[in-house]
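The lines below spell out each chain.
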Amino acid sequence: MRTSVAFGVWAYMVIAVLTEVEIYYMLRTANYDLMTAAVSVLATSQATAIVVFNMQLKDEPGAIRLFALIPIMFLSALLIAELASLG
Amino acid sequence: MREFALALMYSGMLTVPPTVATFDHLLDWYLFFGVGAAVVVIGMLVTFVILYRDKGDNKPLPEHKTEGWKIVLITVMISISILAAAEYQTFASFSNIETPSQCSMVPDPCINISVLGFQWGWQFTYPNGKVQLTTEDQPLTVPVDKIILLNITSRDVFHSFGIVSLAVKEDAIPGRYNTLWFNDTNLGLVTMAIRCYELCGAGHATMVGNLSVVPYSTWQSEFGVNTTG
Amino acid sequence: MLYFFTSLYFGIIGAILALLMRVQLSVPNNFFLSAYYYDQAVTMHGLIMIFWFLSPIAIGLANYFVPLQIGAKDLAFPRLNAMSYWLYLSGGIMAVLSFFVPGGSADAGWTNYQPLAVLTPGSGTTLVYLGLVLLAASITLGSINFVVSIIWLRAPGMSLDKLPMFTWFILFTIIAMLFAFPTLIAAFALASSDRILGTVFFTSTQIQPSILWDNLFWFFGHPEVYIVLLPGFGIIANIVPQFTGRPLAAKNAILVATALVVLPLSFGVWMHHMFLTGIPVDLQGAFSIATIAISIPFDVITLSFVESMIRGRVKLLTPMLFVLGAVVLFIIGGITGVFLSSPVLDRVFRGSYFVVAHFHYVMVGAAIFSIFAGIYYWIPRFTGRMYNERLGKIHFVISFIGFNVLYFPMNFLFDMPRRIFTYPNIGNWALLNGIASVGAFIFAGAQTLLAANLLYTWFRGPPSPPNPWGSPDLEWKSQPVLTPSPTAPTDTSESPPAGGWIGQLATPASPATETHAAGAEHGEAHYSSRPIQLSFGAMIFLMGAAFYPGILAIGLMVIGGALFAVALGGWARDDLRHKFAPPPEEEGDRWPFQGVSKMKLGMWVFLSSEIVLFGSFLAAYIFIRGAAVTFPAPGSIHDIPLGTLNTIILATSGLTMFLAIQAIRQGDRRRLMQWMSVTFMLGSTFMGIKISEWVNLGSSGFTLSAPYPFNLAASAYYIIVGLHGAHVTAGLIMMVYLMKKTKDGEYTKESHEAIENFGLYWAFIDIVWCFIFPLFYLL
Ligand code: HEM
Ligand SMILES: [Cu+2]
Ligand SMILES: [Cu+2]
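Not measured: the values here are computed from a predicted model. Throughout this description, residue numbers start from 1 for each chain and increase along the sequence as written. Chains and ligands are labelled sequentially in the order written, the chains with letters from A and the ligands with numbers from 1. Per-residue local features of the predicted model are confined to residues with pLDDT of at least 70, and side-chain atom pairs are confined, for both listing and counting, to 80 or more; whole-chain, interface and lining totals are unaffected and use all residues. Excluding hydrogens and water, the side-chain figures rest on all heavy atoms present in the structure.

> Is there a simple way to explain the overall build of chain A in this structure?
Comment: elements are numbered from the N terminus, with helices defined as DSSP H or I runs of at least four residues and strands as E runs of at least two. When you go through chain A residue by residue, the secondary structure sums to 3 helices and 0 strands. Put simply, chain A runs from its N terminus to its C terminus through helices and strands in the order α-α-α. We compute the radius of gyration over the C-alpha atoms and compare it with the globule rule, which gives 2.2 Å times the number of residues raised to the power 0.38. The C-alpha radius of gyration of chain A comes to 16 Å, more than 25% above the 12 Å expected for a compact globule of 87 residues. Throughout, exposure labels follow a simple rule: accessible area from a 1.4 Å probe, protein chains only, divided by the maximum for the residue type, with under 20% read as buried, over 50% as exposed, and the rest as partly exposed. Taking all 87 residues of chain A together, the buried fraction comes to 43%. Any two residues whose heavy atoms approach within 4.5 Å at even a single point are treated as in contact. The long-range fraction of contacts in chain A, counting pairs at least 24 apart against all pairs at least 6 apart in sequence, stands at 48%. Surface accessibility follows the Shrake-Rupley procedure with a 1.4 Å probe radius. Residue values consider only the protein chains on display as shielding. Entry remark: accessible area of chain A is about 4,300 Å², with carbon and sulfur atoms responsible for 72%.

> I keep staring at the interface of chain B and chain C and nothing clicks. Help me out?
Often the size quoted for an interface is simply the accessible area lost on bringing the parts together. Taken together, the contact between chain B and chain C spans 74 residues of the former and 81 residues of the latter. Here chain B packs against chain C, burying approximately 6,800 Å² in sum over the two surfaces, 71% of which is carbon and sulfur. Between Lys or Arg on one side and Asp or Glu on the other, a salt bridge is scored when a side-chain nitrogen of the former is within 4 Å of a carboxyl oxygen of the latter. Here chain B is connected to chain C by 4 salt bridges. Put simply, Arg347 of chain C and Glu170 of chain B hold a salt bridge, and the shortest N to O gap is 3.3 Å. N or O atoms closer than or at 3.5 Å make up a polar contact, with two conditions inside protein: a donor-capable atom paired with an acceptor-capable one, and, for residues adjacent in sequence, both atoms drawn from side chains. Along the contact surface separating chain B from chain C lie 21 residue pairs in polar contact (both at pLDDT 80 or more). Those elements giving two or more residues to the side of chain B that touches chain C turn out to be helix 1 (4-9), helix 2 (18-51), helix 3 (69-92), strand 7 (168-172) and strand 9 (188-196) of chain B. Buried area: the accessible area, evaluated with a 1.4 Å probe, that two parts lose upon being put together, summed over both parts.

> In this structure, what is going on with the packing of helix 2 (residues 35-70) of chain C against helix 7 (residues 209-244) of chain C? I would like to understand it.
Relative orientation and spacing of two packed helices are given, respectively, by the angle between their axes and the distance between those axes. Residue and element names in this part refer to chain C. Angles run from 0 to 180 degrees between N-to-C directions of axes, and those axes are lines fitted to C-alpha atoms, restricted for helices to the stretch in contact. At their nearest, the axes of helix 2 and helix 7 sit 11 Å apart, and the two run at 40 degrees to each other. In terms of orientation, helix 2 and helix 7 fall into the oblique class. Classified by chirality, the crossing of helix 7 by helix 2 is left-handed. Contacts between helix 2 and helix 7 involve Ile50, Phe51, Leu54, Ser55, Ala58, Leu61 and Gln69 from the first element and Phe220, Glu224, Ile227, Val228, Pro231, Ile235 and Asn238 from the second. Reported orientations rely on four angle classes, namely roughly parallel under 35 degrees, roughly antiparallel over 145, roughly perpendicular from 65 to 115, and oblique for the rest. Note: crossing handedness is left-handed where the near helix turns anticlockwise from the far helix by less than a right angle, and right-handed where it turns clockwise.

> Any chance you could explain the pattern of salt bridges here in plain terms?
Charged atoms that come close allow side chains of opposite charge to pair. Counted under the stated rule, the structure contains 9 salt bridges over all chains. With a shortest N-O distance of 4.0 Å, Asp54 of chain B and Arg313 of chain C are connected by a salt bridge. Placement of Asp54 of chain B in the loop between helix 2 and helix 3 and of Arg313 of chain C in the loop between helix 9 (281-307) and helix 10 (318-340) is noted, with the two residues assigned to different chains. Overall, the relative accessible area of 33% leaves Asp54 of chain B in the partly exposed class. One salt-bridge network, in which partners are shared between bridges, spans Glu198 of chain B together with Arg350 and Arg419 of chain C.

> Explanation requested: the coordination of the copper ion (ligand 2) in the structure shown.
The expected angle between donors at a tetrahedral four-coordinate metal is 109.5 degrees. At an octahedral six-coordinate metal it is 90 or 180 degrees. Residue and element names in this part refer to chain B. Coordination of the copper ion (ligand 2) by the protein comes from His159 (ND1), Cys196 (SG), Cys200 (SG) and Met207 (SD), over a distance range of 2.0 to 2.4 Å. Geometry at the copper ion (ligand 2) is tetrahedral, judged from the 4 donor atoms that bind it and their angles of 95 to 124 degrees at the metal. All donor residues of the copper ion (ligand 2) come from one chain, and their arrangement in sequence is H-x36-C-x3-C-x6-M. Note that Cys196 is positioned in strand 9 and Met207 in the loop between strand 9 and strand 10 (208-214), a separation of 11 residues in sequence. Take Cys196: its relative accessible area is 2%, and that puts it in the buried class. Here Met207 falls in the buried class, since its relative accessible area comes to 0%. Only N, O and S atoms count as donors, using a 2.8 Å limit from the metal and a wider 3.2 Å limit for Na, K and Ca, and since water is excluded some coordination spheres may look unfilled. A four-donor site is classed as tetrahedral when every donor-metal-donor angle falls between 85 and 135 degrees; four donors are called square planar, and six octahedral, when trans pairs exceed 155 degrees and all remaining angles lie between 65 and 115, with any other arrangement labelled irregular.

> I keep staring at the site of ligand 1 and nothing clicks. Help me out?
Residue and element names in this part refer to chain C. Throughout, the term near means that a residue has one or more heavy atoms lying within 4 Å of the molecule or strand in question. Taken together, 24 residues sit near ligand 1, with Trp110, Asp346, Arg350, His358 and Arg418 positioned nearest. Here Trp110 contributes a side-chain N or O atom positioned 2.9 Å from an oxygen atom of ligand 1. When contributions to the shell around ligand 1 are tallied by element, the ones reaching two or more residues are helix 7, helix 9, helix 10 and helix 12 (353-383). For this scheme, ten residues count as nonpolar: Ala, Val, Leu, Ile, Met, Phe, Trp, Tyr, Cys and Pro. Four count as charged, namely Asp, Glu, Lys and Arg, and the remainder, Gly too, count as polar. Residue composition of the shell around ligand 1, by class: 12 nonpolar, 9 polar and 3 charged.

> Looking at this structure, I do not really get helix 12 of chain C. What am I missing?
Note on helix geometry: an α-helix contains 3.6 residues per turn, so any two residues three or four positions apart are oriented the same way. All names here are of chain C. Fitting one axis to the seven residues ending at a residue and another to the seven starting there, the bend at that residue is the angle between the two axes. Tyr377 marks the point of greatest bend in helix 12, at about 40 degrees, and the proline Pro380 comes within the next four residues. Most of helix 12 sits inside the fold, with 30 of its 31 residues counted as buried. For helix 12, the side-chain oxygen to backbone nitrogen distance between the N-cap and Phe354 is 3.1 Å, and the N-cap itself is Ser352.

> Hey, could you run me through the pairing of strand 8 (residues 178-182) of chain B in this one?
In regular strands, side chains alternate between the two faces of the sheet. Residues and elements named next belong to chain B. When you tally the buried positions in strand 8, you get 4 out of 5 residues, the bulk of the element. Whether two strands pair depends on DSSP finding at least two bridges between them. Two elements, strand 5 (residues 148-154) and strand 8, share 5 bridges in a ladder whose sense is antiparallel. In the sheet register, Leu150 faces strand 8, and the bridge partner there is Leu180.

Printed below as a string of structure tokens:
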């Protein structure tokens, strides 16, 4: 990764977190669900940016990516089902 | 195992409650498939062992080019169809675990009773507000030939409320209300019909209760809501 | 091999508990054991057998034979292996000690259903829980080691399609462990913190704690049952061809079915343990189908085993007999499992002896019988001597009969609740229980024959031919040292015989230290003692924590913590002095991971388990948020601007860490040092702000003893954010160490692995915070 990209990722991190907070102030009373969705998307995009660039997953052999993808797959199953089990 | 559970608890000729009928029917399917599969596969194993045992001759073995995946494929296909058939039967029996649709009608023909599990016993709250604890001579009393809807929860820890002779069981969990239904078609008192099926501490083994099935009029006068008043 | 014998030792403890229970249940209305003792016996029997006997005995075999099978000298990280063993032992010591503290041991069943288990008084339960956490840590380290070894240490030419089946199945087991055990750590850490610190994860009834526990426990628990089973299947698949004289039928189908169906789906069926908890009917249906689906690969495996005899020449020697026994018992156990997968039938079977029969058929029948097969099969390789065939056959026959006398009657006890300490004389309960108890003694008695045969082989067995079974696998190409002298100590479970296997345990370290130690009197010289110190330090610290509060507790915590710190410092010092220089990396077959270094692979595997660990904690938190009817409004507790600032600080430290890496990539050690220092400062600032936030929150009444729902929010916040903080702190400590090494002129353009890997870790910490911040501050 070139240094410029690193600064790009960092800038994105800062902008994303500020946006999260902004969205929170805008929507927390108006539309809580929309706020949750938007913040979740932003957080996920931040995480993805770090994994792809700072952790250089994009340059690793495909098999390594499995170590990141498999647990996330399992955890999603846990999350969806546990919330469904609340009835 | 048909009627086995029942025979255990009752004596004499009896009718089969609907939940038990559904359960027994389903169990018959599973026993048919399950015992059948066990017999066939273990039979195959024994046959092969006898057929291909080391007879001490040193005849060269035939080549195994394909490693015999065809027969594996065929037998697996057979077992998949059996599993699918069994699962289909399960889905066809879901009435046992769904709240009957009648119970959401108005007027509600179902009898609603609240069950509270605690360390160590059960407490029942009847439609007229009467509250009873399980003891030797205070059974869970229900009218015959009615759909009974139990609303189950717990005061302290995880319990599981089961009446195995009626093929029903549901967990009693603090902070949560679970329902189960049954319709007992036989009059009489069944001792120790109710048991706790989840370890809940030292008294788990003695967390039992009796079930008493009485005519509707008797039940109504003692536990029912007084509709004439 | 130390693993192997230690697990046998725990197996004996578990068996004694089982026999006590069978004595108690042999007749109705018995009072040999009271409920108090029975509940402890039933709980600890399950925990010890599953966690300290079954899995470790398989890992013990794997420890010895996997390196041999792949043509490696040892596992990838020898010291990690030692660490894993000592953590396992420490956890076990805590579990066994728990019987002797006031209030006794854990007694809520091996499943530890909540809230019963957190409400049990006494420190015994806490000891067991923290022991489990140590065990899980041990397993996680072990998994990393095995994954890396199997992927990375294969000898040239050992391509994946040549990998022996045992190694394949160990790989599957290990992968399941890697993803399952972090959830166990999370679950038991939450429960322990309830018990020690007074958090309210499982005591606050407003959030359906039982359901939270069930989800966490069984999300781990179902994969765990396969973890127990798969090594056994690996043994079967590995050894069947040697006894049938023909290849395994549809071998590749077995591998594909296990890798692509069993492993992924094992994390998607756990709710079949929750059919009765009142989950929606559709969810029950979905998990019923998933459960049926996961039984299909097992059909493939079983039928392949059965059909591998067709047109072969079946030699009925002891290992093969145990294989056949295991297959028969698995068929029965698997089919009863299919019965249980029906939510409708489960309304009768759940919580009854039918379930007990089911899982003993699979766990004892299939798993232990096949491990016995493996023991008989490999003992010639291990000792250079042959076991006694006739005694082996008798052992099999009596075990098989005893097993069925013990467990088959339980299939008919479908109306008897499990885990009741006594029962009235109704129906056929007395008869069936009586038979089962007789079977228990037959089965247990038969195992003395195994012990006798092992001892006989070890000391008196006739020398075995180099490859008695005509196996093509690599382990038979090298030769064991014949175990010498019948005068060696016979107490195999505890004291190691001189020479023998001591070289195998713990850490053979580098060739250099090996030669250095060759003349030394003590086996200890072979390996670093740091892993023992670290493990025992952790153990003593956690014991103190279990007894908390009190002077004794604090004393233990101080001693344990000190020992831990000293050991850690010592470890670092050893490294700085290159005491254990890593052996040069050799060529090998590494597909599909060519070009990835061993350390980096290890780091990724570790991060993979960390994802599950944090994921489980966050999943618990999200569940709590979903279940809680009332929860403090966002913004009402945490200082959002401060949190935002801290988030930006951490993100910036990610950037500076990257610049540090970039510097050393260009070989600029001075800039590396500068950027690392900046990163360190930013990280410390983050922690400083964190601590000041905590102090403020604590003094403003946001504590664990606050009224509901603030205590709940506080529990979640302090534990989860605290865990993240602990990771940051660990990162800071590592940074100090790396900076010291940099100052010593360690890293160069070509060689700076450690820095790169630390960069991965630091980035991961940043990622976790990306989720923690919105979850706790904004939502
Ligand atoms: C064909 C494959 C299998 C199926 C369909 C199956 C299905 C099930 C189901 C539905 C339950 C829940 C029963 C209940 O609590 O009501 C269960 C329990 C259990 N199964 Fe299996 N199972 C299978 C194989 C295995 C294997 C291979 C193992 C272990 C080696 C195993 C170990 C267990 C254990 C330990 C429990 C009980 C846990 C407890 O409540 O303490 N099962 N099984
Ligand atoms: Cu109970
Ligand atoms: Cu399961």
